[in-house]
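Listed here are the chains, written in short residue letters.
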Amino acid sequence: MMKFKNSMLIVTDMEKSAAFYKKVLGLHVILDFGSNITLTGGVCLQTRESWLEFIHKGENDIILGGNDSELYFEEDDFDEFLAKLDAMEEIHYVHPVCEHSWGQRVVRIYDPDMHIIEIGENIKMVCRRFLESGLTEEETAKRMDVPVKFVRGCRK
C-alpha cells in the first residue's frame, strides 16, 4: 500500500529557510542531506539548484510565489502565536488575521521564498471558546457546522 510521506518546498537559501521554520513555527531539522533537509512535522526543503537537476529543467522553469498552495498548521494558543509574529520584523503577511465562517481564526504568511504558510487556531480550541462564551453544545455545533458528537469530544 502506498503511503504519503512528506511535503517538499523548493528554497533558494537553505540556511535562511531552515532558520525561518525553526524561529517562526518551531520546526527542527531531523535529517540533513545538505541540499535536502527534513523538518519535524513532515516538511522537507530542497535547494533550487538540486531540484532543477533532479527534474531536468532550466532556471526559468521554477516560479516561486505562485500563491497556489500552502502548508497548514494549527496552534493551541493562537493569541500568543500572533503576538510572537507581530514581534518579528521579517514576517510578510498574505493577509491579516481573519475569522472563517465556522469561527476559526487564521493568519497566512509567506516564508522567505514566498510559499504560503497558514496558521489556524486549533479547531478544538475554537469549539471550547464558543462553549466558554455560553453557547450550548447544539448551538456550537450549528455555529461551527460540525456534529454535536465532535463538540462533545472537544470538551476533553
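These notes cover the structure that comes with them. (Residues numbered from 1 in each chain as written. Predicted model: local features only at pLDDT ≥ 70, side-chain atom pairs only at ≥ 80, totals over all residues. Heavy atoms only, no water.)

1. Thoughts on the packing of helix α4 (residues 123–132) against helix α5 (residues 137–144)
Two numbers describe how α4 lies on α5: the axes approach to 9 Å, and their chain directions differ by 130°. The orientation of α4 relative to α5 falls into the category oblique. Between α4 and α5 lies a crossing of right-handed hand. Residues I123, V126, C127, F130 and L131 of α4 form the contact with α5, whose participating residues are E137, T140, R143 and M144. Of the residues contributing to the contact of α4 with α5, the split by class is 6 nonpolar, 1 polar and 2 charged. (Axes fitted to C-alpha atoms, helices over the stretch in contact; angles between N-to-C directions. Helix = DSSP H or I, 4+ residues; strand = E, 2+ residues; numbered from the N terminus. Parallel < 35°, antiparallel > 145°, perpendicular 65-115°, else oblique. Left-handed = near helix turned anticlockwise from the far one by under 90°. Contact = heavy atoms within 4.5 Å. Nonpolar A, V, L, I, M, F, W, Y, C, P; charged D, E, K, R; others polar.)

2. So, a negative patch on the surface
Among the surface-exposed residues, E74, D76, D77 and E80 lie close enough to one another that they form a single negatively charged patch. The residue D76 is located in the loop between β5 (70–75) and α3 (78–86) in this model. Among the residues examined, D76 registers a relative accessible area of 48% and is labelled partly exposed. (Patch = residues over 30% accessible without salt bridge, like charges linked within 9 Å, V, L, I, M, F, W, Y side chains within 5 Å. Areas by Shrake-Rupley, 256 points an atom, 1.4 Å probe, with all protein chains shown as cover. Salt bridge = Lys/Arg side-chain N within 4 Å of Asp/Glu carboxyl O. Lys, Arg positive; Asp, Glu negative; His and termini not counted. Charge placed at Lys NZ, Arg CZ, Asp CG, Glu CD. Buried < 20%, exposed > 50% of the residue type's maximum accessible area, 1.4 Å probe, protein only.)

3. Some remarks on the sheet that holds β5
Ordered by their spatial adjacency, 4 strands build an open sheet running β5-β8-β7-β6, and the pairing between neighbours is mixed. Bordering the open sheet on either side are β5 and β6 (92–99), each of which pairs with just one other strand. Taken pair by pair, the neighbouring strands of this sheet meet at an average axis angle of 15°, ignoring direction. The sheet contact formed by β6 and strand β7 (residues 105–110) spans 5 bridges and is antiparallel. Among the inter-strand pairings, E99 is bridged to a residue of β7, identified as R105. (Pairing = 2+ DSSP bridges.)

4. Some words on the sheet that holds strand β2 (residues 29–32)
Across the sheet, 4 strands lie side by side as β1-β4-β3-β2; this open sheet has mixed pairing. In this open sheet, the two strands that pair with only one neighbour each are β1 (7–11) and β2. Strand-to-strand twist across the sheet, computed as the mean angle between neighbouring axes with direction ignored, equals 25°. Judged from the 4 bridges that link them, strand β3 (residues 36–39) and strand β4 (residues 43–47) form a sheet pairing that is antiparallel.

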